[in-house]
Amino acid sequence: MTRAPGEANKTRRLAEVAKKVGVSEATVSRVLNGKPGVSDATRAAVLTALDVLGYERPTQLRGERARLVGLVLPELGNPIFPALAEVIGGALAQQGFTPVLCTRTAGGLSEADYIEMLIEQQVSGVVFAGGHYAEANSPHEHYHRLFDLRLPVVLVNAAVDELTFPRVSTDDMVAVDQAFGHLLSLGHERIGLVLGPEDHMPSRRKLAAFTAAAAAAGLELPDSAVEHALFSLEGGQAVTRRLVANGFTGIICASDPQALGAIRAVRRAGLSVPDDVSVVGFDDSAFINCTHPPLTTVRQPIESMGRAAVTMLVNQIDRTAFTAEELLYEPELVVRGSTAPARAPQREAMA
């Protein structure tokens, strides 16, 4: 006797979910049919497995949120994002949630597409670590949709003013103060800054701090002191060529990949890091201390920020007390071999 296609699909679904959870098919069937005799933990695990495997929940169970949390990242090429995903994923697992990693790729799903997918999956909440929320000129309608749905959301690092979700951020003002003060203490007075795109909110904060630090030091900043680039090695290399040509001897970059590009540009100009030009990065990404020379950088407190983001999200999910204020975490300057004293004291003002 041949089974009907619908019956065969149901049997396959029961088998896959049972294997995923480590329970019997009979237990899965009891959960799907709303029958008693199953613990709350097992019931939650079965429903989560349905979501992870891409099966629709039975109609009577669709109103419940899955114990899934979307983790939306702009990329995985920059080592800081996999590091953050590891911290957040581990903290979510400890709270009984399963992270769903969503990464934008060229020609792939957009951030808005991922949000629709996550809503369909009945996720319990979403953590964004880098994305359109930090870009003034990007679309923000999908964030407003999440707000209207009252879905718990946490943002990592600065966002545009109109988005009032809870967020945890590295203090960009302190980061630039640390980097600028370090280069100034080494005798550098021609200090340049490599940022992300002009509409990028953390970059705007860094620029404000850079301008204030130069003013406090009595240095005049020419327009040529600030460059905007993609957060990549190639981006950092392209704009650093101009900084070197304009005689800047200290360069602060808004990411470690940009800083590696800056070092490459200095070398291709026939100069040396740090003998001729000192370079400071931002993030303290994995293996950055293994570069030649090891990179001086400003370390983001990823562990603390990632765990705080999960705590803020779970508090929203559980409807316990949480703050909508931005939590600022102080970074740490890590001095290595890519910075050194300026070759000679520079008494003239920057011009």
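Thoughts on empty space enclosed by the protein
A probe as big as a water molecule, rolled over the atoms, marks out the empty space that is left.
Thought 1: Within this structure, the stated rule accounts for one cavity of 30 Å³ or more.
Thought 2: Its boundaries defined by the atoms lining it, the largest cavity holds a volume of some 60 Å³.
Thought 3: Around the largest cavity sit Ala-175, Val-176, Ala-179, Leu-193, Lys-206, Ile-252, Cys-253, Ala-254, Gly-281, Phe-282 and Val-298, which together line it.
Thought 4: Within the residue set of the lining of the largest cavity, elements represented by two or more residues are helix H7 (172-185), strand E8 (250-253) and strand E9 (278-283).
Thought 5: With three residues, the single largest contributor to the lining of the largest cavity is H7.
Thought 6: Of the residues that constitute the lining of the largest cavity, the class distribution is nine nonpolar, one polar and one charged.

Some points on the side chain of Ser-255
Thought 1: When you line up the elements, Ser-255 lands in the loop between E8 and helix H10 (256-268).
Thought 2: For Ser-255, the contacting residues outside a window of four places in its chain are Asn-78, Phe-231, Gly-281, Phe-282 and Asp-283.

Some words on the pattern of salt bridges
Thought 1: Going through the model one piece at a time under the given rule, you end up with eleven salt bridges.
Thought 2: When the shortest N-O distance is used, the salt bridge between Glu-326 and Arg-167 registers 3.9 Å. Linking Glu-326 in strand E11 (residues 326-329) with Arg-167 in strand E5 (residues 167-170), this pair joins segments that are 159 residues apart in sequence. Of the two residues examined, Glu-326 and Arg-167, each falls in the buried class.
Thought 3: For Arg-343, the salt bridge goes to Asp-276, with nearest N and O atoms at 2.7 Å. On the criterion of sequence distance, the pair formed by Arg-343 in the segment after strand E12 (332-334) and Asp-276 in the loop between H10 and E9 is long-range, its members being 67 residues apart.
Thought 4: Of the residues examined, Arg-343 reaches a relative accessible area of 65% and is grouped as exposed.
Thought 5: Taking relative accessible area as the criterion, Asp-276 reaches 22% and is therefore assigned partly exposed.
Thought 6: Each of Asp-284, Arg-299, Glu-332 and Arg-336 takes part in a single network of salt bridges with overlapping partners.

Some thoughts on the environment of Glu-326
Thought 1: For the pair Glu-326 and Arg-299, spaced 27 residues apart in sequence, the C-alpha separation works out to 19 Å.
Thought 2: Not counting residues within four places of it along the chain, the set of residues in contact with Glu-326 comprises Ala-158, Arg-167, Ser-169 and Arg-205.
Thought 3: A distance of 2.4 Å separates the side chain of Glu-326 from the side chain of Ser-169, its partner in a polar contact.

Regarding unusual backbone geometry
Thought 1: A cis amide bond, omega 10 degrees, links Val-273 with the succeeding residue Pro-274.
Thought 2: Looking at the secondary structure, you find Pro-274 in the loop between H10 and E9.
Thought 3: The omega torsion of the bond from His-292 to Pro-293 falls at -5 degrees, within 30 degrees of zero and hence cis.
Thought 4: Looking at the element boundaries, Pro-293 is found in the loop between E9 and strand E10 (296-299).

Regarding the sheet that holds strand E6 (residues 191-195)
Thought 1: In spatial order, the strands read E7-E6-E8-E9-E10-E12; together these six strands make up an open sheet with mixed pairing. The sheet is open, and its two edges are formed by strand E7 (226-228) and E12, each paired on a single side. Direction aside, neighbouring strands of the sheet carry axes that sit 20 degrees apart on average.
Thought 2: Pairing between E9 and E10: four bridges, direction parallel. Opposite Phe-282, over in E10, you have Val-298 as the bridge partner.
Thought 3: In the packing of helix H8 (residues 201-216) onto the sheet, the strands contacted are E6, E7, E8 and E9, and the crossing angle to E6 comes to about 170 degrees.

Concerning the pairing of strand E2 (residues 98-103)
Thought 1: As judged from the six bridges shared by strand E1 (residues 68-73) and E2, these two strands associate in the parallel manner. When the sheet's bridge partners are listed, Leu-73 is paired in E2 with Thr-103.

Brief notes about the packing of aromatic side chains
Thought 1: Summed over the entire model, instances satisfying the criterion amount to five aromatic pairs.
Thought 2: For the pair Tyr-133 and Tyr-143, a centre-to-centre distance of 6.1 Å together with 90 degrees between the ring planes defines the contact as edge-to-face. Taken as a pair, Tyr-133 in the loop between strand E3 (125-129) and helix H6 (141-148) and Tyr-143 in helix H6 lie far apart in primary sequence, ten residues in all. For the pair shown, Tyr-133 and Tyr-143 are each scored as buried.
Thought 3: Taking 6.1 Å as the distance between ring centres and 65 degrees as the angle between the ring planes, the aromatic pair formed by Phe-147 and Phe-165 counts as edge-to-face. Highlighted residues: Phe-147 in helix H6 and Phe-165 in the loop between strand E4 (153-156) and E5, separated in sequence by 18 residues.
Thought 4: Grouping aromatic residues by their ring pairs yields a cluster made of Phe-128, Tyr-133 and Tyr-143.
Thought 5: Arg-67 extends its terminal NZ or CZ atom over the ring of Phe-97, reaching a point 4.1 Å from the ring centre.

Rules and cut-offs
- Residues numbered from 1 in each chain as written.
- Predicted model: local features only at pLDDT ≥ 70, side-chain atom pairs only at ≥ 80, totals over all residues.
- Heavy atoms only, no water.
- 1 Å grid on protein atoms, 1.4 Å probe; cavity = no way out; pocket = protein on both sides within 12 Å on 5 of 7 lines; lining within 4 Å.
- Points joined across faces, edges and corners; volume = space filled by probe spheres on them.
- Helix = DSSP H or I, 4+ residues; strand = E, 2+ residues; numbered from the N terminus.
- Nonpolar A, V, L, I, M, F, W, Y, C, P; charged D, E, K, R; others polar.
- Contact = heavy atoms within 4.5 Å.
- Salt bridge = Lys/Arg side-chain N within 4 Å of Asp/Glu carboxyl O.
- Buried < 20%, exposed > 50% of the residue type's maximum accessible area, 1.4 Å probe, protein only.
- Polar contact = N/O pair within 3.5 Å; in protein donor to acceptor, adjacent residues only side chain to side chain.
- Pairing = 2+ DSSP bridges.
- Axes fitted to C-alpha atoms, helices over the stretch in contact; angles between N-to-C directions.
- Phe/Tyr/Trp six-rings, centres within 6.5 Å; stacked < 30°, edge-to-face > 60°.
- Lys NZ or Arg CZ within 6 Å of the ring centre and 35° of its normal.

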